[in-house]
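So the chains spell out like this:
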Amino acid sequence: SLYGRFLRQDVVFDTGLLFLYLIGSFDSKEGTHLLDLFHYTLDDYHLLLKIIHLFKKDHTHFVITPHIFHELIRHIQMDVETMYSDRLALQQVMEKLKEFLKNPLQQIQELPTGKDRIVDHASFLFQWEVGDISLDVVSTLHNNCNILLTDDKKFIKAYETRDDFLLISFQDVKHNAYL
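1. Comments concerning the packing of aromatic side chains
- Counted by the stated rule, this structure contains seven aromatic pairs.
- Seen from their ring centres, Tyr40 and Phe170 are 6.3 Å apart, and the 85° between their planes marks the pair as edge-to-face. Placement of the pair is Tyr40 in the loop between helix H1 (15-30) and helix H2 (42-55) and Phe170 in helix H8 (residues 170-176), with a sequence separation of 130 residues. Residues Tyr40 and Phe170 agree in their burial class; the two are buried.
- Clustering of aromatic rings is evident, with ring pairs tying together Phe19, Phe38, Tyr40 and Phe170.

Here's what the structure looks like:
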């Protein structure tokens, strides 16, 4: 099949969908509404799980870069705080979230990119942020990282003509909801 060659590939997450995957799981378990921070819903989370299920096999890894990990944690630290005026409630949610995130984050493979490769990238200091560049570098360096799960329009534009790479636009799947 057209996409069959990608079924043994690792799945690279960008920040937004990593947030949806992890925080959606937390919201489902805890009954919180942290997904609202990124304008996601539990329905979005369940759709993402269906997409992941299509690709997740025993030999498939979920992959992030240190830069994506940093962006995720920065958003959690900064954005979750805006939802709680009660400092004690904020502290309780953050403690639960900290404990909850340990296991899923340990199961996600982190691949380094190196600052030299980022600095040498054509989009450095121009169109893309460092996290975005790190995803492109990982996909170039590691032959098994040819599936990118994103909701970022700049990736969709940059990868639309590449036949060696499977870009899955979450928004496109959501709007065409055929899963």
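2. Quick look at the nonpolar core
- Formed by 53 residues in total, the largest nonpolar core has its most connected members in Phe13 and Leu149.
- Once residues lying within four places of it in the same chain are set aside, the contact partners of Phe13 are Leu18, Tyr21, Ile52, Phe62, Val63, Ile64, Ile68, Leu135 and Leu149.

About the thresholds
Residues numbered from 1 in each chain as written. Predicted model: local features only at pLDDT ≥ 70, side-chain atom pairs only at ≥ 80, totals over all residues. Heavy atoms only, no water. Phe/Tyr/Trp six-rings, centres within 6.5 Å; stacked < 30°, edge-to-face > 60°. Helix = DSSP H or I, 4+ residues; strand = E, 2+ residues; numbered from the N terminus. Buried < 20%, exposed > 50% of the residue type's maximum accessible area, 1.4 Å probe, protein only. Core = buried A, V, L, I, M, F, W, Y, C linked by side-chain atoms within 4.5 Å. Contact = heavy atoms within 4.5 Å.

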